[in-house]
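Structural overview for review
Chain by chain, the residues run as shown.
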Amino acid sequence: MSQHTPGPWTVVDNDKSFDIHSPRGNPLAEVGRLACGGGAEANARLIAKAPEMLDVLKDCASMLAEYIAYGRFSTGGKLGHTDTTMLEQIRALLREIEG
């Protein structure tokens, strides 16, 4: 399994695109202004937050697993699914992200 480039990633605005750069300033991705219409900058910001979102998702999975193990948490269906279903969805997403 390969590792992603550690964050934080930044968005650099240039004439034709929004570029996502590593902490060292290396380009990671480019979001073209024309290809994305008016959403190019928003898409670039979302992509740039991926490392932070991954960290938060991992923390949520750990916390939820602990709460389930100790019987201290249950959504009781309020969110449309049970706590164990939510945990499995998070874990499935993490498997897809991490390979």
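A few points on the structure. (Residues numbered from 1 in each chain as written. Predicted model: local features only at pLDDT ≥ 70, side-chain atom pairs only at ≥ 80, totals over all residues. Heavy atoms only, no water.)

1. A short note on the pattern of salt bridges
Pairing is possible between side chains of opposite charge, provided their charged atoms come close. Considering all chains together, one arrives at four salt bridges under this definition. A salt bridge links Arg-33 to Asp-13, with the shortest nitrogen-to-oxygen separation between them at 2.1 Å. Of the two residues, Arg-33 sits in helix 1 (residues 33-36) while Asp-13 sits in strand 1 (residues 10-13), which places them 20 residues apart along the sequence. Residue Arg-33 is classed as partly exposed on the basis of its relative accessible area, which comes to 28%. (Salt bridge = Lys/Arg side-chain N within 4 Å of Asp/Glu carboxyl O. Helix = DSSP H or I, 4+ residues; strand = E, 2+ residues; numbered from the N terminus. Buried < 20%, exposed > 50% of the residue type's maximum accessible area, 1.4 Å probe, protein only.)

2. Topic: the packing of helix 2 (residues 40-48) against helix 3 (residues 50-69)
Two elements in contact, helix 2 and helix 3, have axes whose closest approach is 5 Å; the angle formed by their N-to-C orientations is 50°. The orientation of helix 2 with respect to helix 3, classified from their angle, is oblique. Contacts between helix 2 and helix 3 pair Leu-46, Ile-47 and Ala-48 from the former with Ala-50, Pro-51 and Met-53 from the latter. Per-class residue counts for the contact of helix 2 with helix 3 are six nonpolar, no polar and no charged. (Axes fitted to C-alpha atoms, helices over the stretch in contact; angles between N-to-C directions. Parallel < 35°, antiparallel > 145°, perpendicular 65-115°, else oblique. Contact = heavy atoms within 4.5 Å. Nonpolar A, V, L, I, M, F, W, Y, C, P; charged D, E, K, R; others polar.)

3. Description of the side chain of Asp-19
The residue Asp-19 is located in strand 2 (residues 17-21) in this model. With no salt bridge to any partner, buried Asp-19 finds its closest opposite charge in Arg-33, at an N-O distance of 8.7 Å. Other than its neighbours up to four places away in sequence, Asp-19 contacts Thr-10, Val-11, Val-12, Asn-14, Ala-29 and Glu-30. (Lys, Arg positive; Asp, Glu negative; His and termini not counted.)

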